[in-house]
Amino acid sequence: MVAKPSDYRVSDVYADWCPGCGDFGIMNALQMAFAELELEPHRVVMVSGIGCSGKEPHNVKANGVHTLHGRTLPFAMGIKIANPQLEVLAIGGDGDGLGIGAGHFVNTGRRNLDMTYIIHNNGVYGLTKGQAAPTLKRDLQTKSLPRPNINEAVNAIGLAIISGYTFVARSYAYDVKHLKDVIKMAIQHKGLAFVECLQPCPTYNDINTKDWYAGEDRKDADGKPQSRLYKLEEMGFDPEVRDWKDDFSKKMIALEKAQEWGDQIPIGVFYKKEYETTYEDRLTARIPFYPTRPPAKQKLGDEESNSSVDLSEFLDSLKTS
Amino acid sequence: MAGGAQGAGVDAAATIFGRACGYGGLWVFGRREYHSNIKGLHSYFHLRLAKQEVLANVNDVDLLAAFDAETVVRHVQEVVPKGGIIVDALEMGVKVLEIPTLPPEFRAELKKWMIENNIGETLKDVLEYAKKHNVKVFPVPYRAILANVGKTLNTPQLSKITRMINVLTIGVSFALLKYDKGLVERAIRAQFPQKIVNMNIIALDQAYEFAEKTFKAEFKHKLEKIDVSEERVFLTGNQAVAMGKVLGGCRVQTYYPITPAADESEYLEAHEILKTRDEEESIVVIQTEDEIAAINSASGACLAGARAATSTSGPGFSLMAEGLGWAGNSEVPVVITYYQRGAPATGLPTRHGQADLRFAMHAGHGEFARIILASGDIKECFYDAAKAFNLAEKYQMPVIHLIDKAMANCSQTYPIFNYRGFKIDRGGLLTEKDLEGSEYKRFQFTETGISPRAALGTKNAVMWYTGDEHNESGHISEEPLNRRLMMEKRMKKLDLVDKEVPAEEKMNFFGAPLSENCVVSWGSPKGAIIESIRMLQEEGFNLGFLQMRMLDPLPAEAVKRVLMGKKRIIDLEDNYTGQLGGIIKEKTGISPTHYVLKYTGRPTSTTEVYNALKAIMTGKATEKEVLMFGS
């Protein structure tokens, strides 16, 4: 199977994001990543939450499950555990994953399921007209806020690292190629991968705009804009834990990098550890046939649909005769 | 009845008592009461034993085995003449009003009762009162016996073995009842891990010996074993539900710890590898971070094609309401086992209640189809738990299985469940072959409203789900006509449930069908009602009993046929507002004439149901009777 990004386009759905929305870039990056990995659409499940980002799966030809606000990860977890052979991607907004769904964000990290979680971070709740998202920096007043934001911002990268995600990366919706590469690495990572995707909201975030990210406001002597984004991989940053004894220091360095913001915003992979056991490995240690006969693949009944289960082990221990 | 401080082994004693009686061919019904507390507060169990099947508890206590003084003062008034009380000989001097664990309300009641009956301040004085009422008192020097046990075991440290007071009371009780000690020993062996079996058996022996020597034939009751050939089991509602789920094909169970639901999930996790005829299967039990994750991950598992369920009680179900709506909107066959307890809020977290029927029916915003099953006893818990998955998948809607704390924690003897031949009906789940060459639409309009379902991951199918209103492909649509058709598609499946599921699976009828008197109820009061109407029948009062098992969609026509023209319709349930009575009125236009309600957090007993029904039949009752039994 040789796939093209266009194979993953949905013909009968109009992508109704605002013109210039970063979601288009993310959609393109997903379609490109799927094509390059030659993922069969029926084997992929994109699970999303609520908000503009929640519509992402409707615009990609692969299974889509558009769920509830903040509940992206629990749905994704249920799907993945029932059938670990599926390629599961959870996709949500910043408010979805770090506000209403923050408890799931942390607890899913503890499980290290082999799936990918992409957060769209634009700093605002777009679909409800621009309220502050948990990632909006304190004291900023984006266009529709009646007062400047009074809350500190959540550091998504830092939270992912300390919650147990074993691949933590950041990319930018307008750098589709970089985003595609990061998404590919996230999908290929064995374990729970987190990708924070920075994106402007052209309608409601008038501070962290495309021009702001591009550094249009800070041109060098030649008049060339100085982008605020820089790529970790171009700085020789090595995020990978190759030995247990380095885990702590790699985490600390990644956390330090995660603090950078303002005129120097790193994108790329912050942290990666592949030899941590996944939730699937942990289940397999208890249920040896789990990978080949997971819950969704069990027969339940015989040819005549009789339940094939034998309850004698349960009943024997309850017998009084 | 046996009671003591929580953490003192009351639970283990209950199981040993029940099993020992079960081994002797007796029928057992056991009720467990405990506080929301780890150690120290009063807990007890009440076993009813008989030569024929027993379906519920009665108020009377024949033998009270008290681990501590509080148990005596809590239950002394329940012990009937000719009954006995086993008590710690060293606690006679305890000033009962100073027992630190007594809550102020109970202390006040106790004080009043002691003044009214001219009872002195010590436990001995309370027991003197019992003796006056022809109750035998059996003082046992628990600690002296334990010291002896310690000597035999070479464990001089008494603190290590004080937990065995429970086994001492078991030994004394069965000795008084002149019951075969071998059966008790067997129950002890079945209960404890190997390394502590021996010490418990030594304790049992010494208690037996002490009681036989000291009390001789002072107790008039005798427990005789009966030879039985049939196989029987003794189990709780939690265990029955767990087994039913396994039988029904549940392969993912999610939960967040909550009383009284969590025991079921833990029991399942302990049995995660399942034996089948050909190969092993498994149930994956996931402890989630909250009930929101529990329902939604169960729904996710369903979408991937597994049969999945979650188990909770009121507070957890409150958190699940939004997820339930998503499942309704996306036609997800998720099963929710809902153990009702005393509510609202945290309510009575370890006590019983049946006040969540309306909530289960209406939880979630908007209108969507769901099925609500309500089991009336432990055996129904088993079969309904299995059946729930067939209904969920066949009609593609969430199924709520309503149980209550009484059933969850009660234990009962049953002839072994016959489960062979239980059919799995997946409602025509599509395979990759079925899907070849067609463009799959998950929510395709059909005559019945049921769209062909395929699991995520099935080759030849790509599908979309959304919590938004959607078109046949599963993409968002806000178009009015599509909305109308989708609403009708989802809701009309309920008509199909109404038509296809036979009435005998939705309700049971007991007693006199032609009688002009009928009790209506649901859930755990079932046993007490059946026993009461039998007793009343013998006295010449004829009553029927309609037990509702499917509450949504309520089989209104069938209910109407039963209740039409009745003179007395007695709605009996464990809540304040008579929820089932109200629903029957709404759906059939027929109103109950009497309400017998209970909301003390304790299950209904046969004694009090009998009394209430008799009062109604003899015109001595008001329109609403409130039951109070149980401490």
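About the thresholds
Residues numbered from 1 in each chain as written. Chains lettered and ligands numbered in written order. Predicted model: local features only at pLDDT ≥ 70, side-chain atom pairs only at ≥ 80, totals over all residues. Helix = DSSP H or I, 4+ residues; strand = E, 2+ residues; numbered from the N terminus. Contact = placed C-beta atoms within 7 Å. Pairing = 2+ DSSP bridges. Axes fitted to C-alpha atoms, helices over the stretch in contact; angles between N-to-C directions. Parallel < 35°, antiparallel > 145°, perpendicular 65-115°, else oblique. Left-handed = near helix turned anticlockwise from the far one by under 90°. Nonpolar A, V, L, I, M, F, W, Y, C, P; charged D, E, K, R; others polar. Core = buried A, V, L, I, M, F, W, Y, C linked by C-beta atoms within 7 Å. Buried ≥ 20, exposed ≤ 12 C-beta atoms within 10 Å, placed from the backbone. Domains from an automatic or database assignment. Arc of directions from axis to C-beta. Expected span 1.5 Å × (residues − 1).

Undergrad: Any chance you could explain the environment of Trp212 of chain A here in plain terms?
TA: All names here are of chain A. Here Trp212 lies in helix H7 (residues 210-214). C-alpha separation for the pair Trp212 and Val182, spaced 30 residues apart in sequence, amounts to 22 Å. Residue contacts for Trp212: discarding those within four places in its chain leaves Ile207, Asp217 and Arg228.

Undergrad: Sorry, what's going on with the pairing of strand S1 (residues 2-5) of chain B here?
TA: Taken together, the 2 bridges between S1 of chain B and strand S4 (residues 61-66) of chain B define a ladder with parallel strand orientation. The partner of Gly3 of chain B across the bridge, within S4 of chain B, is Ala66 of chain B.

Undergrad: What is the right way to look at the packing of helix H18 (residues 526-538) of chain B against helix H21 (residues 606-617) of chain B in this model?
TA: Angle between the axes and distance between the axes are the two parameters that describe a pair of packed helices. Residue and element names in this part refer to chain B. One can describe the packing of H18 onto H21 by two numbers: an axis separation of 8 Å at closest approach and a directional angle of 50 degrees. By the angle between their axes, H18 is oblique relative to H21. Crossing handedness for the pair H18 and H21: right-handed. Contacts between H18 and H21 pair Ala528, Ile529, Glu531, Ser532, Met535 and Leu536 from the former with Thr606, Val609, Tyr610, Leu613, Lys614 and Met617 from the latter. The class makeup of the residues in the contact of H18 with H21 is 8 nonpolar, 2 polar and 2 charged.

Undergrad: Whenever I open this one, the interface of chain A and chain B confuses me. Can you help?
TA: When the parts of a complex come together, some accessible area is lost, and that lost area is often used as the size of the interface. With 55 residues of chain A at the interface, the matching set in chain B holds 74 residues. Of all the secondary-structure elements, those providing two or more residues to the side of chain A that touches chain B are strand S2 (63-66), helix H2 (72-82), helix H4 (102-109), helix H9 (279-286), strand S12 (309-310) and helix H10 (312-318) of chain A. Take the side of chain A that touches chain B: its biggest share by element is 8 residues, from H2 of chain A. Residue composition of the side of chain A that touches chain B, by class: 27 nonpolar, 20 polar and 8 charged. Note: S2 of chain A against strand S17 (residues 464-466) of chain B, 3 bridges, orientation parallel. Paired with His66 of chain A across the two strands is Thr466 of chain B, which belongs to S17 of chain B.

Undergrad: I keep staring at the nonpolar core and nothing clicks. Help me out?
TA: One recurring pattern in soluble globular proteins: nonpolar side chains tend to sit buried together. Core analysis: the biggest nonpolar cluster contains 269 residues, and Ile79 and Val168 of chain A together with Ile85 and Val334 of chain B have the highest contact counts within it. Among the elements that take part in this core, helix H14 (residues 378-395) of chain B stands out by supplying 10 residues, more than any other. In this view, Ile79 of chain A contacts Val45, Val47, Leu86 and Val88 of chain A together with Gly300, Ala301, Leu303, Ala304 and Leu456 of chain B; residues no more than four positions away in its chain are not counted. Core analysis: the second largest hydrophobic core is formed by 7 residues, Val124, Tyr125, Leu136 and Cys201 of chain A among them.

Undergrad: Looking at this structure, how should I read the sheet that holds strand S9 (residues 273-276) of chain B?
TA: Strand order in the open sheet made by the 3 strands is S12(A)-S9(B)-S10(B), with antiparallel pairing throughout. One side of each edge strand has no neighbouring strand; the edge strands of this open sheet are S12 of chain A together with strand S10 (281-282) of chain B. In this sheet, S10 of chain B lies alongside S9 of chain B in antiparallel orientation, the contact comprising 2 bridges. Bridge pairing in S10 of chain B places Ile273 of chain B opposite Ser282 of chain B.

Undergrad: It is not clear to me how the domain arrangement of chain B should be interpreted in this structure. Could you clarify?
TA: Residue and element names in this part refer to chain B. Domain boundaries assigned for chain B yield domain 1 (2-215), domain 2 (234-415), domain 3 (428-501) and domain 4 (506-626). Taking the mean C-alpha position of each, domain 1 and domain 2 sit 34 Å from one another. On the side of domain 2, 8 residues touch domain 1, which itself brings 12 residues to the contact. Breaking the side of domain 1 that touches domain 2 down by element, the ones donating at least two residues are helix H1 (10-23) and strand S2 (27-33).

Undergrad: Whenever I open this one, H4 of chain A confuses me. Can you help?
TA: Turning to H4 of chain A, its buried residues are His104, Phe105, Thr108 and Gly109 of chain A. In a view along the axis of H4 of chain A, the buried residues occupy a sector of 130 degrees, so they form one face of it.

Undergrad: Where do I start with unusual backbone geometry in this structure?
TA: With glycine set apart, most residues show a phi of negative sign, and most peptide bonds adopt trans. Residue and element names in this part refer to chain B. Omega for the peptide link from Ala343 to Pro344 comes to 5 degrees, which places this bond in the cis form. Tracing the chain through its elements places Pro344 in the loop between strand S13 (335-340) and helix H13 (357-362). Asp552 connects to Pro553 through a cis peptide bond whose omega is -5 degrees. You can see Pro553 is positioned in the loop between strand S21 (550-552) and helix H19 (556-563).

Undergrad: What's the story with helix H5 (residues 142-153) of chain B in this structure? I'm lost.
TA: At 3.6 residues per turn, the α-helix brings residues three or four places apart onto the same side. Residues and elements named next belong to chain B. Look at H5: 16 Å from first C-alpha to last across 12 residues, which is about the 16 Å you get at 1.5 Å a residue. For H5, the full list of buried residues reads Tyr142, Ile145, Leu146, Val149 and Gly150. The buried residues of H5 occupy an angular sector of 150 degrees when projected down its axis, which confines them to one face. On its buried side, H5 packs onto strand S5 (79-88), strand S6 (136-140), helix H6 (165-176) and helix H8 (194-215). Positive phi appears at Asn154, one or two residues downstream of H5, with a value of about 65 degrees.

Undergrad: How do you make sense of the sheet that holds S5 of chain B when you look at a structure like this?
TA: Residues and elements named next belong to chain B. Across the sheet, which stays open at both edges, the 8 strands sit in the order S6-S5-S4-S1-S3-S2-S16-S7 with mixed pairing between neighbours. The open sheet is flanked by S6 and strand S7 (232-236), the only strands paired with a single partner. With direction set aside, neighbouring strand axes in the sheet form an average angle of 20 degrees. By the bridge criterion, 7 bridges tie S2 to strand S3 (residues 42-50) in an arrangement that is antiparallel. Bridging from a neighbouring strand, Arg31 pairs with His46 of S3.

Undergrad: Before we go on, may I ask you to explain the packing of helix H9 (residues 237-247) of chain B against H14 of chain B in this structure?
TA: Residues and elements named next belong to chain B. Direction vectors running N to C along H9 and H14 enclose 25 degrees, while the axes themselves pass 7 Å from each other. When the axes of H9 and H14 are compared, the pair comes out roughly parallel. The two elements H9 and H14 cross, and the hand of that crossing is right-handed. Seen from H9, the contacting residues are Gly237, Ala240, Val241, Met243, Gly244, Lys245 and Leu247; seen from H14, they are Ile378, Cys381, Phe382, Tyr383, Asp384, Ala385 and Ala386. Broken down by class, the residue content of the contact of H9 with H14 amounts to 10 nonpolar, 2 polar and 2 charged.

Undergrad: Explain the environment of Gly457 of chain B to me, please; I cannot follow it from the model alone.
TA: Structurally, Gly457 of chain B is set in the loop between strand S16 (411-415) and S17. Of the residues examined, Gly457 of chain B has 24 C-beta atoms within 10 Å and is grouped as buried. Distance from Gly457 of chain B to Asn148 of chain B, taken between C-alpha atoms, is 66 Å for residues 309 residues apart in sequence. The contacts of Gly457 of chain B, once residues within four sequence positions are left out, are His42, Arg43, Asn83, Gln85 and Leu86 of chain A together with Ala304 of chain B.

Undergrad: Where do I start with the environment of Lys251 of chain A in this structure?
TA: Residues and elements named next belong to chain A. Note on placement: Lys251 falls in helix H8 (residues 247-258). Through-space distance from the C-alpha of Lys251 to that of Lys273 is 9.9 Å; in sequence the pair is 22 residues apart. Residues contacting Lys251, with those up to four places away along its chain left out, are Ile161 and Tyr271.

Undergrad: Can you walk me through the pairing of strand S8 (residues 193-198) of chain A in this structure?
TA: Looking down a regular strand, the side chains alternate between one sheet face and the other. Residues and elements named next belong to chain A. Counted residue by residue, S8 has 6 buried out of 6 residues, so it is predominantly covered. Of the two faces of S8, both are covered, the one formed by Ala193, Val195 and Cys197 as well as the one formed by Phe194, Glu196 and Leu198. Note that strand S4 (residues 116-121) and S8 share 6 bridges and pair parallel. Directly across from His120, in S8, lies its bridge partner Cys197. Pairing of strand S7 (residues 167-172) with S8, which is carried by 6 bridges, proceeds in the parallel orientation. Its bridge partner being in S8, Ser171 is matched across the sheet by Cys197.

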